[in-house]
Each structure stands twice: as C-alpha cells, then as structure tokens.
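Listed here are the chains, written in short residue letters.
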2 protein chains.
Amino acid sequence: MKGKPPYYAVIFTSLLNKEISGYGDMAEEMENLAKVQPGYLGIESAREQLGITVSYWESLEAIANWKANTDHLFAQQKGIKDWYAYYKVRICLVEREYDFTK
Amino acid sequence: MKGKPPYYAVIFTSLLNKEISGYGDMAEEMENLAKVQPGYLGIESAREQLGITVSYWESLEAIANWKANTDHLFAQQKGIKDWYAYYKVRICLVEREYDFTK
C-alpha cells in the first residue's frame, strides 16, 4: 500500500449469516470501488469464521466520503438486511508502523 | 472485548513460509499469554493467505510491555527465523467505533 504514518485505518470485523447469496460478488465490487476513491491507500482482508477487512485512507474526510458513496450505501443497507449477523467498525489513526521481509 | 475509544489497536499482517512446523502451537500460546497482560482488551484473528491479527490495548505502555515480554520476544525471534516471509505491524489509536448486531 501507499502512504506513511500518520494515516487512517478502518478495521471492519464481521460475522455472516448462513445464507449469503450475492455477498461474494458485492464484496468484490465494493473492494474495486474503494480502490478508486480519493484518499484510498490500500485494503487487506481475511476470513475464517470472523472476517477482518482493514482499509487504509489518507484522512477522515476520505473515509467519510467513501462511507457516503451511493453504491456503497446501497451495499451497506443490503448487508444489514441480508448478510451480516454482526459487524463492528473502528476508525483508527495509524501512528507508527514497521515491517519485516525475508 | 472490553473498552471504549480512545484505546489502541495493533494490526499485525503476515505471510507465512511454506514450512511452519510449530507455528500453530506458538500462535495459540502467544494469544493465551497476551490475554493475561496488563492493559489487554481483546484480540481478533483471521487467515486466508494473508493473516490479520488485531489486538486491542488500553495504552501504548501496555503495547510496549507486551512487545518486551520475554516469552513473546522468544516467539518474535523464532517467527523471524523460521515462520514469517513477511509481516507488518501498525500501532493505531482507535478514535471511534460503532457496531451492528442482528
């Protein structure tokens, strides 16, 4: 991903319902749409039972704009109605980072 | 998990080597050890190819103490030597959160 601290991370954790018809396609579509938003820096996802998606952004304004995106609003409503048993969103300021590559 | 913002999150993303003998046991041991550290609030994990573990803490001091824990230091060194092809650690201040439960 692009960017050095300080930047923002949105930690989205979720549990899905048993019946999630259409969820995979929508999740992929939303990831592709996020990637072209202003202020987007990167996204990382993994799911076992719990799903964790972390998206990275330049500013709180970029996060607010993505949350209010019309297509994304539709997906959020569909998610609440049909797919999610639970979710939690955490808005975080990334203050420091370090990494290791073999 | 316990706690309301502001609190801290450590986002740990990783890719494993092909040969990871002993990794699963050590990961479980470290998670159990994290849970009894002062200032620990919670932990969430998922892995597909990329692994994402987010641990939650009351303060930067609690994070620093956990990083310096002797058993954890041993696990970190073993991880660099034997298990991780890549990892990245992000220290984040959780400023705001909201959730949904069906």
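Here the structure is a predicted model, which is why all the values come from computation and not from measurement. (Residues numbered from 1 in each chain as written. Chains lettered and ligands numbered in written order. Predicted model: local features only at pLDDT ≥ 70, side-chain atom pairs only at ≥ 80, totals over all residues. Heavy atoms only, no water.)

Cis rather than trans, the peptide bond between A:Pro5 and A:Pro6 has omega equal to 0 degrees. Structurally, A:Pro6 can be placed in the segment before β1 (7–16). (Helix = DSSP H or I, 4+ residues; strand = E, 2+ residues; numbered from the N terminus.)

A few words on the state of the cysteines. One pass over the structure, following the stated rule, counts zero disulfides over all chains. Sulfur of B:Cys92: no disulfide; nearest cysteine sulfur belongs to A:Cys92 and is 5.3 Å away. B:Cys92 sits in the buried class, given a relative accessible area of 0%. (Disulfide = S-S within 2.5 Å. Buried < 20%, exposed > 50% of the residue type's maximum accessible area, 1.4 Å probe, protein only.)

As a further point, take a negative patch on the surface. All names here are of chain A. Taken together, the side chains of Asp25, Glu28, Glu29 and Asp71 present a region of like negative charge at the surface. The element that contributes the greatest number of residues to the negative patch is helix α1 (residues 23–34), accounting for three residues. One can find glutamate 28 in helix α1. Overall, the relative accessible area of 52% leaves glutamate 28 in the exposed class. (Patch = residues over 30% accessible without salt bridge, like charges linked within 9 Å, V, L, I, M, F, W, Y side chains within 5 Å. Areas by Shrake-Rupley, 256 points an atom, 1.4 Å probe, with all protein chains shown as cover. Salt bridge = Lys/Arg side-chain N within 4 Å of Asp/Glu carboxyl O. Lys, Arg positive; Asp, Glu negative; His and termini not counted. Charge placed at Lys NZ, Arg CZ, Asp CG, Glu CD.)

Per the stated rule, a full pass over the model turns up 18 aromatic pairs over all chains. For the ring pair A:Tyr84 and A:Tyr87, a centre distance of 5.5 Å and an interplane angle of 80 degrees mean the geometry is edge-to-face. Assigned by exposure class, A:Tyr84 and A:Tyr87 land together as buried. Aromatic side chains B:Tyr23 and B:Tyr84 sit 5.9 Å apart centroid to centroid with 85 degrees between the ring planes, which places their arrangement in the edge-to-face category. Taken together, the positions of B:Tyr23 in helix α1 (residues 23–34) and B:Tyr84 in strand β4 (residues 84–101) put the pair 61 residues apart, joining distant regions of the chain. (Phe/Tyr/Trp six-rings, centres within 6.5 Å; stacked < 30°, edge-to-face > 60°.)

So, on to the interface of chain B and chain A. With 40 residues of chain B at the contact, the number on the chain A side is 40 residues. In total, about 3700 Å² of surface goes out of reach between chain B and chain A, with carbon and sulfur atoms giving 55% of it. It is B:Arg90, B:Tyr98 and B:Phe100 that lose the most area in chain B upon contact with chain A, and together they represent 19% of the buried surface on that side. Inspection of the region where chain B meets chain A yields six salt bridges. Residue A:Arg90 is joined to B:Glu44 by a salt bridge in which the shortest nitrogen-to-oxygen separation is 3.4 Å. Counting across the interface, chain B meets chain A through 21 residue pairs in polar contact (both at pLDDT 80 or more). Those elements that provide at least two residues to the side of chain B that touches chain A are β1 (7–16), β2 (40–47), β3 (51–57), α2 (60–68), α3 (70–83) and β4 of chain B. Examining the composition of the side of chain B that touches chain A, we find that 18 residues originate from one element, β4(B), more than from any other. Broken down by class, the residue content of the side of chain B that touches chain A amounts to 23 nonpolar, four polar and 13 charged. (Contact = heavy atoms within 4.5 Å. Buried area = accessible area lost by both parts, 1.4 Å probe. Polar contact = N/O pair within 3.5 Å; in protein donor to acceptor, adjacent residues only side chain to side chain. Nonpolar A, V, L, I, M, F, W, Y, C, P; charged D, E, K, R; others polar.)

On to the relation of the copies chain B and chain A. Taken as rigid bodies, chain B and chain A are interconverted by a rotation of 180 degrees and an axial shift of 0.0 Å, the fit giving an RMSD of 0.0 Å. Considering both components of the superposition, the chain copies are consistent with a two-fold axis. Both copies share a contact surface, since 100% of the interface residues of chain B are interface residues in chain A too. (Least-squares fit on C-alpha atoms with pLDDT ≥ 70 in both.)

Attention now goes to the packing of α1(A) against helix α3 (residues 70–83) of chain A. All names here are of chain A. Interhelical geometry of α1 versus α3 gives an angle of 150 degrees and a closest axis separation of 11 Å. Judged by the inter-axis angle, α1 sits roughly antiparallel to α3. Between α1 and α3 lies a crossing whose hand is left-handed. Packed against α1, whose contacting residues are Tyr23, Met26, Met30 and Leu33, the element α3 presents Asp71, His72, Phe74, Ala75 and Trp83 at the interface. Across the contact of α1 with α3, the residue classes tally to seven nonpolar, one polar and one charged. (Axes fitted to C-alpha atoms, helices over the stretch in contact; angles between N-to-C directions. Parallel < 35°, antiparallel > 145°, perpendicular 65-115°, else oblique. Left-handed = near helix turned anticlockwise from the far one by under 90°.)

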